[in-house]
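Letter by letter, the chains look like this.
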Amino acid sequence: MRFFKRPRLALYLIGWFLLIAFLPLTAVTFMTLAESEQTIHEIAARHLGATETRQIQQMEEYLRDRETMATGLSHTETVVNALRDMSEVFAETPYGTEEYARADAKHQPYLRGINDGMNWYDVILIDRAGNVVCTVMKESDTGTNMVSGPFKDTQIGRSFRRTMALVSPELSDWGTY
């Protein structure tokens, strides 16, 4: 019972014992927290790196598939005939005439079907001279020339020149024009 008669000494001893017990515990807790935090960051970085690699591979595969589809379609008889017909009409009569509209209307259903089926923005037929002889969307590029016209320095103009140089159809990178 003497222990309780001298409460000040008992309180000091209890306080010191608690301090001695909690100091190492606190130090170990903070060291574990720091190590755990570092491990979590490393795991997250590895996971993000793996996800990034997987997404890059998926995007590359998607673009290869689109290019393969475009190349295959460019060799179909219907597309070849449409390009030939529209090139002949374009050489004889300017874009916007009634004769041009009749020839264009003949090929639009098939070209629009390709455009919608492939979920493309536009299908553009360009003859060997660089004339945009037919498009599905009928925007400002229709009737222009990719070699000497206003779009010669755009992504599509550069893509046309590469296609002619390589003699192989090409999907152009996205770019405004």
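Here, every reference points to the structure presented above.
The rules behind these values
- Residues numbered from 1 in each chain as written.
- Predicted model: local features only at pLDDT ≥ 70, side-chain atom pairs only at ≥ 80, totals over all residues.
- Heavy atoms only, no water.
- Helix = DSSP H or I, 4+ residues; strand = E, 2+ residues; numbered from the N terminus.
- Buried < 20%, exposed > 50% of the residue type's maximum accessible area, 1.4 Å probe, protein only.
- Contact = heavy atoms within 4.5 Å.
- Expected span 1.5 Å × (residues − 1).
- Core = buried A, V, L, I, M, F, W, Y, C linked by side-chain atoms within 4.5 Å.
- Axes fitted to C-alpha atoms, helices over the stretch in contact; angles between N-to-C directions.
- Parallel < 35°, antiparallel > 145°, perpendicular 65-115°, else oblique.
- Left-handed = near helix turned anticlockwise from the far one by under 90°.
- Patch = residues over 30% accessible without salt bridge, like charges linked within 9 Å, V, L, I, M, F, W, Y side chains within 5 Å.
- Areas by Shrake-Rupley, 256 points an atom, 1.4 Å probe, with all protein chains shown as cover.
- Salt bridge = Lys/Arg side-chain N within 4 Å of Asp/Glu carboxyl O.
- Phe/Tyr/Trp six-rings, centres within 6.5 Å; stacked < 30°, edge-to-face > 60°.

**Quick look at the side chain of glutamine 108**
And then number 1: Tracing the backbone through its elements, the reader meets glutamine 108 in helix α4 (residues 98–118).
And then number 2: The exposure class assigned to glutamine 108 is buried, which follows from its relative accessible area of 12%.
And then number 3: What glutamine 108 contacts, discounting residues up to four positions off in sequence, is Cys134, Thr135, Val136 and Lys138.

**As for helix α3 (residues 77–92)**
The α-helix advances 3.6 residues per turn, and as a result positions three or four apart in sequence lie on the same side.
And then number 1: In this model α3 runs 23 Å from its N-terminal to its C-terminal C-alpha over 16 residues, within 8% of the 22 Å that 1.5 Å per residue would give.
And then number 2: Within α3, burial applies to Val79, Ala82, Asp85, Met86, Ser87, Val89 and Phe90.

**Re the nonpolar core**
And then number 1: Ranked by size, the top nonpolar core spans 16 residues in total, and within it Met86, Tyr100, Leu111, Ile114, Leu125, Val133 and Cys134 carry the most contacts.
And then number 2: Setting aside residues up to four positions removed in sequence, leucine 111 forms contacts with Val123, Leu125, Cys134 and Val136.
And then number 3: With six residues, the next largest nonpolar core counts Ile126, Val132, Met146 and Phe151 among its residues.

**Quick word on the packing of α3 against α4**
And then number 1: Contact geometry of α3 with α4 gives a least axis separation of 10 Å together with a crossing angle of 155°. As far as their axial angle goes, α4 and α3 are roughly antiparallel. Once α3 is placed against α4, the crossing between them reads as left-handed. In this structure, α3 contributes Thr78, Val79, Asn81, Ala82, Asp85, Met86, Val89, Phe90 and Glu92 to the contact, and α4 contributes Glu99, Tyr100, Ala103, Asp104, Lys106, His107, Tyr110 and Ile114.

**Brief notes about a nonpolar patch on the surface**
And then number 1: Where nonpolar side chains cluster on the molecular surface, the patch consists of Tyr12, Trp16, Leu19, Ile20 and Leu23 and spans about 570 Å² of accessible area.
And then number 2: Inspection of the secondary structure assignment puts tyrosine 12 in helix α2 (residues 7–74).

**Section: the packing of aromatic side chains**
Both the distance between ring centres and the angle between the ring planes are used here to describe each pair of aromatic rings.
And then number 1: This structure, assessed with the given rule, holds one aromatic pair.
And then number 2: Note on tyrosine 95 and tyrosine 100: the rings are 5.0 Å apart at their centroids and 85° apart in plane angle, and the pair reads as edge-to-face.

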